[in-house]
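# Understanding the architecture of this molecule
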Amino acid sequence: MQQTLVLVKPDGVRKNLIGEVVSRFEGRGLKISALKLMKISEAQAKSHYAEHEGKPFFSELVEFITSGPVAAMVVSGENAIKAVRGMMGATNPLDAVPGSIRGDYALSIGENIVHGSDGEDSAAREINNFFKAEKIF
Ligand code: IDP
Ligand code: MG
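Note that the structure is a prediction, hence the values are computed from the model and not measured. (Residues numbered from 1 in each chain as written. Chains lettered and ligands numbered in written order. Predicted model: local features only at pLDDT ≥ 70, side-chain atom pairs only at ≥ 80, totals over all residues. Heavy atoms only, no water.)

Its boundaries defined by the atoms lining it, the largest pocket holds a volume of some 510 Å³. Lining the largest pocket are 23 residues; nearest its centre among them are Lys9, His52, Phe57, Leu61 and Thr91. At the level of secondary structure, the elements contributing two or more residues to the lining of the largest pocket comprise helix H4 (58–65), helix H5 (80–88), strand E4 (114–116) and helix H7 (120–131). For the lining of the largest pocket, the class distribution of residues is 7 nonpolar, 8 polar and 8 charged. (1 Å grid on protein atoms, 1.4 Å probe; cavity = no way out; pocket = protein on both sides within 12 Å on 5 of 7 lines; lining within 4 Å. Points joined across faces, edges and corners; volume = space filled by probe spheres on them. Helix = DSSP H or I, 4+ residues; strand = E, 2+ residues; numbered from the N terminus. Nonpolar A, V, L, I, M, F, W, Y, C, P; charged D, E, K, R; others polar.)

Spelled out as structure tokens, the structure:
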């Protein structure tokens, strides 16, 4: 059993894709263990993307993820981290296979619909960043 932090990013919320993303995970057999719509603060965004600090796209990344509400969720299940990453598709939607979320709904690397934790350590850190005070079912 694993837990992973998923965000439907502001572009995904604007495109009314929250239900589509949730439905794909549920259809696969993964569980939604926590879920909320929220605006990410600048500090929280910088912490979430700390590994990218110093890269040329960092400020753009923080600006974008704080530009509108996101749907934040904890997704749980067997090998949930790898399963979710596979369903998201490659970071650059142009490399993401059709059938993946990014391959079906995105065209640009800066606006690629979803975030999913990339490993157990980042999942624990990111879940703590978003759901520290909340119950995870
Ligand atoms: P991931 O979201 O697939 O894990 P990361 O490498 O962790 O990809 O990058 C985080 C986010 O930063 C990506 O989802 C993408 O939106 C953005 N990003 C990554 N690389 C670039 C880039 O070269 N230019 C602009 N944005 C980028
Ligand atoms: Mg990442």
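This paragraph deals with the site of ligand 1. In the neighbourhood of ligand 1, the contacting residues comprise Lys9, Tyr49, His52, Phe57, Leu61, Arg85, Thr91, Arg102, Ile109, Gly110 and Asn112. One nitrogen or oxygen atom from the side chain of histidine 52 is found 2.9 Å from an oxygen atom belonging to ligand 1. Isoleucine 109 is positioned such that a nitrogen or oxygen atom in its backbone is 2.7 Å from an oxygen atom of ligand 1. Considering ligand 1 on its own, with 530 Å² of exposed area, one finds that the protein chains cover 78% of that surface. Judged by the fraction of its atoms near the pocket grid, ligand 1 is located in the largest pocket. The residue inventory of the shell around ligand 1, partitioned by class, reads 4 nonpolar, 4 polar and 3 charged. (Near = heavy atom within 4 Å. Polar contact = N/O pair within 3.5 Å; in protein donor to acceptor, adjacent residues only side chain to side chain. Areas by Shrake-Rupley, 256 points an atom, 1.4 Å probe, with all protein chains shown as cover. Sits in = over half its atoms within 2 Å of the grid points.)

Attention now moves to the pattern of salt bridges. Enumeration over the complete set of coordinates arrives at 4 salt bridges. Close ionic contact of lysine 36 with glutamate 134 constitutes a salt bridge, the shortest N to O distance being 3.0 Å. Taken together, the residues lysine 36 in strand E2 (residues 31–38) and glutamate 134 in the segment after H7 connect sequence positions 98 residues apart. Judged by relative accessible area, which is 39%, glutamate 134 ranks as partly exposed. A salt bridge links glutamate 42 to lysine 46, with the shortest nitrogen-to-oxygen separation between them at 2.8 Å. Pair noted here: glutamate 42 and lysine 46 are both in helix H3 (residues 42–48), with a separation of 4 residues, about one helical turn. Take lysine 46: its relative accessible area is 35%, and that puts it in the partly exposed class. (Salt bridge = Lys/Arg side-chain N within 4 Å of Asp/Glu carboxyl O. Buried < 20%, exposed > 50% of the residue type's maximum accessible area, 1.4 Å probe, protein only.)

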